Amino acid sequence: MCPQQTMVDAAKKETMNDITFRSDTVLSDVHLYTPSKRHLMVRLNTVGQPVFLSQFQLLLEKNNLESGRKREKELSSENMGHQSRDGRELCDKSSNDLNFLSKNGREANNLGGIDALLDRDGDLEVVRRPRYVPDPEVEDLSRDIAHPRILTKGGEDSFEGSKQENTCNDIIKIEHTMATPLDDVGKQVWRGAFLLADYILFKRDMFRGCTVLELGGGTGITSIVMAMVAKTVYCTDVGEDLLAMCEQNVTLNKHLTEPSGGEVKVKELDWLKDGFCTDPGAPYGWSEVEIADLHDHTTVLLAADVFYDDDLTDALFKTLYKITHNLKNASTIYLSIEKRLNFTLRHMDITCEAYNHFRNTLNDLENLQDGKMKYTIEPVKLAFHQFLVYERIEQLELWKIIAEPHT
């Protein structure tokens, strides 16, 4: 065998040991479960990602989730009105008129069970509407190519066109991205943030007048909801672009926070670094007064759905440990997480590695014996009301940690 062939074989062997499937694009399910919420593209951020503006309704008055869902269906029906003609639903006649609903002689509308959806190899066949239907009688059933609606271009005045919209006390406006690399997932909206926001609104009297620290605040939606009842909320994350987006969201939602006197302060806090950023030239740095206020008055800490990387999970718990040791008062930590199931080639099975690491680290914190702090951990039952319309799936969890000095 020639040396060249040996090198080729070695390269093949090395390649086979690598992960075969890899993707660095992450999309939050929240954006897929918003039937009446508009996602309006407003600009490109400093790294060229499309930025969207969405409205989320708070069900505060009567807390009637079914009413909210009914209204969302009504709005969705209004938006889809172009799909009906002369009072008849086109889908009612599509089964007789369209051949594309049939494949291999089987009618897609007359399925005899899951087996009818599978091809010869057992693969799932998905019936899709075509891009174009030549029959003019049913042309409305073809799929439209969706284009984001751009409101404005630019920076500070990007939202001038939207400020005339509803700013009543039951609408949260959030600037966010739709799909990002893993490093930028904080720019998206996640179900764990909604879950934690629900709990805050359900227990609003318990948080009234508090000083709160959120770690990994992302778009800021949880901090904004907290500021509806709390006195001061330090919303922290890393990355100037993300923090600028968060600060814009705080400005957009002052109609929710100002009536109660709540304030959100957007600050940089890197879990991988020791201490706070006190550089006076840093746009989101800390002043000595703010650090003192945090240590003297904070009684609540939050983190919403930030447990997806083992190293970052370790860094977060170390940050929680250091901060709670420096707080003047006992504190309560609330952590939301979504148990995400993934198939991995390493295990050749469905696993929850990030979740398992989170639970192990949580147990380590509770079993910690340093003679200074005691951490008591308990799960929170998700029997409380929903104040935001989203899919509260069974994989969502909320954990409560009481941090207090050893007596």
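Attention in this report is confined to the structure presented alongside it. (Residues numbered from 1 in each chain as written. Predicted model: local features only at pLDDT ≥ 70, side-chain atom pairs only at ≥ 80, totals over all residues. Heavy atoms only, no water.)

1. Digging into the packing of aromatic side chains
Here is step 1 of the chain: Evaluated as defined, the whole model comprises 14 aromatic pairs.
Here is step 2 of the chain: A centroid spacing of 4.5 Å and a plane angle of 45 degrees characterise the contact between Phe307 and Phe358, whose relative ring orientation is tilted. Taken together, the positions of Phe307 in the loop between strand E13 (298–304) and helix H10 (310–326) and Phe358 in helix H11 (residues 353–366) put the pair 51 residues apart, joining distant regions of the chain.
Here is step 3 of the chain: One aromatic cluster in this structure is built from Tyr199, Phe202, Phe207, Tyr334 and Phe384. (Phe/Tyr/Trp six-rings, centres within 6.5 Å; stacked < 30°, edge-to-face > 60°. Helix = DSSP H or I, 4+ residues; strand = E, 2+ residues; numbered from the N terminus.)

2. A few points about the pairing of strand E2 (residues 40–44)
Here is step 1 of the chain: Taking burial as the measure, the five residues of E2 include four buried ones, the bulk of the element.
Here is step 2 of the chain: For E2 and strand E3 (residues 50–57), the ladder comprises four bridges, and the chain directions are antiparallel. In the sheet register, Arg43 faces E3, and the bridge partner there is Val51.
Here is step 3 of the chain: The loop that links E2 with its antiparallel partner E3 comprises five residues; one of these, Gly48, has a positive phi angle of about 85 degrees. (Buried < 20%, exposed > 50% of the residue type's maximum accessible area, 1.4 Å probe, protein only. Pairing = 2+ DSSP bridges.)

3. Quick look at the pattern of salt bridges
Here is step 1 of the chain: Taken as a whole and judged by the stated rule, the model has 11 salt bridges.
Here is step 2 of the chain: The partner of Arg43 in a salt bridge is Glu175, and the shortest N-O contact between them spans 3.0 Å. One end of the pair, Arg43, is in strand E2; the other, Glu175, is in strand E8 (residues 171–176), and 132 residues separate them in sequence. This pair shows no difference in class: Arg43 is buried, exactly as Glu175 is. (Salt bridge = Lys/Arg side-chain N within 4 Å of Asp/Glu carboxyl O.)

4. Digging into the sheet that holds E13
Here is step 1 of the chain: An order of E12-E11-E10-E13-E14-E18-E17 is seen for the seven strands of this open sheet, with the pairing classed as mixed. The outermost strands of the open sheet, each flanked by one partner alone, are strand E12 (263–268) and strand E17 (373–379). Taken over all neighbouring pairs, the strand axes of this sheet differ in orientation by 20 degrees on average, direction set aside.
Here is step 2 of the chain: Of the strands in this sheet, strand E11 (232–237) and E12 are in contact with helix H7 (residues 240–252), which crosses E12 at around 175 degrees. (Axes fitted to C-alpha atoms, helices over the stretch in contact; angles between N-to-C directions. Contact = heavy atoms within 4.5 Å.)

5. Section: the sheet that holds E8
Here is step 1 of the chain: If you trace the three strands from one edge of the open sheet to the other, you get E2-E3-E8, paired in antiparallel fashion. The open sheet is flanked by E2 and E8, the only strands paired with a single partner. On average, adjacent strands in this sheet sit at an angle of 25 degrees to one another, irrespective of strand direction.

6. Examining helix H4 (residues 191–202)
Given 3.6 residues per helical turn, the α-helix brings residues three or four places apart onto the same face.
Here is step 1 of the chain: An ideal rise of 1.5 Å per residue puts 16 Å on 12 residues; H4 measures up with 16 Å between its terminal C-alpha atoms.
Here is step 2 of the chain: Within H4, 11 of the 12 residues are buried, which leaves the element mostly enclosed by the surrounding structure.
Here is step 3 of the chain: Buried residues in H4 make contact with E3, helix H5 (204–207), helix H6 (221–226), E13, strand E14 (331–338) and strand E18 (396–405). (Expected span 1.5 Å × (residues − 1).)

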